[in-house]
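So the chains spell out like this:
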Amino acid sequence: MNRVLWLWGILFALWLPLSDHYTGLFLFFGVLACTIAVFFGARMGIVDRESVPVHLVWRGIRYVPWLVWEIFKSNVRVARIILAPRVRVDPSIVHFRASQRTDLGRFIYANSITLTPGTVTTGIVGDDFEVHAIVQEEIDGSEENEMNRRVSVLEGEAA
Amino acid sequence: MEQVLSVLIWALLLSGAFFLVSGALGMVRLPDVFTRMHAAGMADTMGAGLILVGLCVYSGANFVTLRLVLILAFLWFTSPIATHALAKAALSGGAEPYTVGAGDGGTDDGAGEGGGAP
């Protein structure tokens, strides 16, 4: 029930700046639209820890700046590879085990890997990750372990 | 103040454009679909990101900025999923990932198609 209210609040907070009209009729339409959307979501039973992960918000605020910095650093590395006089790539596909316990944690980790240029998650089976890297060093460095650790922290202890 | 702000905006827009151009160049210079995905990822993340942040600074603190931030958030949430789907489709479609040594002549010929530096 708590999550349903959260979802309604998030949807309305999204609707308001996109609408930018504050007359009674428009606000009524917004309230109506959010209520109908949340009602159907709740009826389908899809308002759960995965679709409304509000329990991750506070830890997420600490994770995102670190992720953006990592994205920036790997962007610079890939740009150097591409702009070098001779393109020297050493691509490979590697397998490794991730330490997240929930599907949501794995999803966040896989997306973080793909979001940083130079590494793309090509498959996940259980906790076995299959990752394509443009050069070997992108994947067997300590930064990948650091990302794994940080996503596990973000995921929290309760599964 | 005005000038500092406009220098900052220009720096953000130009560095965003730099990553977009690098991504496009990577499309031409890199050898196969998987390595090219990494170049496309650059355009998705820093290219679009820096340009949108530049536009946020330009527009100031209002709802337009909030909408630009939303565009950026949705882009960063969805683009890795598209990239992942593309990689998976390429793998199950039988695309062989390029590896050094398996290709014609290894690293030194700039890895083939499209040729060398502009």
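The model shown is predicted, which means the values in this text are computed figures rather than measured ones.

The rules behind the values
- Residues numbered from 1 in each chain as written.
- Chains lettered and ligands numbered in written order.
- Predicted model: local features only at pLDDT ≥ 70, side-chain atom pairs only at ≥ 80, totals over all residues.
- Axes fitted to C-alpha atoms, helices over the stretch in contact; angles between N-to-C directions.
- Helix = DSSP H or I, 4+ residues; strand = E, 2+ residues; numbered from the N terminus.
- Parallel < 35°, antiparallel > 145°, perpendicular 65-115°, else oblique.
- Nonpolar A, V, L, I, M, F, W, Y, C, P; charged D, E, K, R; others polar.
- Pairing = 2+ DSSP bridges.
- Contact = placed C-beta atoms within 7 Å.
- pLDDT = per-residue confidence, 0-100.
- Expected span 1.5 Å × (residues − 1).
- Buried ≥ 20, exposed ≤ 12 C-beta atoms within 10 Å, placed from the backbone.
- Arc of directions from axis to C-beta.

Novice: Help me understand the packing of helix H2 (residues 33-59) of chain B against helix H3 (residues 63-92) of chain B in this model?
Specialist: Packed helices, taken two at a time, are described by the angle between their axes plus the distance between the axes. Residues and elements named next belong to chain B. Interaxial distance between H2 and H3 falls to 9 Å at its minimum, and their mutual angle equals 175°. It follows from the interaxial angle that H2 and H3 lie roughly antiparallel. Classifying every residue of the contact of H2 with H3 by side-chain character gives 17 nonpolar, 7 polar and 1 charged.

Novice: Help me understand the sheet that holds strand E1 (residues 92-97) of chain A in this model?
Specialist: Consider a sheet: its strands pair through backbone hydrogen bonds, and that pairing is either parallel or antiparallel. Residues and elements named next belong to chain A. Ordered in space as E1-E3-E2, the 3 strands form an open sheet in which the pairing is antiparallel. Each edge of the sheet is formed by a strand with only one pairing partner; in this case those strands are E1 and strand E2 (119-125). On average, each strand axis in the sheet is inclined to that of its neighbour by 25°, with strand direction left out of account. Sheet topology places E2 next to strand E3 (residues 128-133); 6 bridges connect them, and they run antiparallel. Pairing of Thr121 across the sheet is with Val131, part of E3. Together, E2 and E3 form the strand contacts of helix H4 (residues 103-115), whose direction differs from that of E2 by roughly 155°.

Novice: Explanation requested: the confidence of the model for chain A in the structure shown.
Specialist: Caution applies to low-pLDDT regions: their predicted coordinates should not be interpreted in detail. Considering every residue of chain A, the mean pLDDT works out to 87; 96% of them sit at 70 or more. For chain A, helix H5 (residues 137-140) of chain A is the element with the lowest average pLDDT, namely 74, and helix H2 (residues 24-43) of chain A is the one with the highest, namely 93.

Novice: Could you clarify how one ought to interpret the environment of Thr78(B) in this entry?
Specialist: Tracing the chain through its elements places Thr78(B) in helix H3. In this structure, the C-alpha to C-alpha distance between Thr78(B) and Val53(B), residues 25 residues apart in sequence, is 18 Å.

Novice: Is there a simple way to think about helix H6 (residues 142-155) of chain A in this case?
Specialist: Residues and elements named next belong to chain A. The terminal C-alpha atoms of H6 lie 20 Å apart, and with 14 residues this matches the ideal 20 Å at 1.5 Å per residue to within 8%. Among the residues of H6, those classed as buried are Glu144, Met147, Asn148, Val151, Leu154 and Glu155. All buried residues of H6 lie within an arc of 125° about the axis, which places them on one face of the element. More than 90 degrees from the buried face of H6, the exposed residues found are Ser142, Asn145, Glu146 and Arg149.

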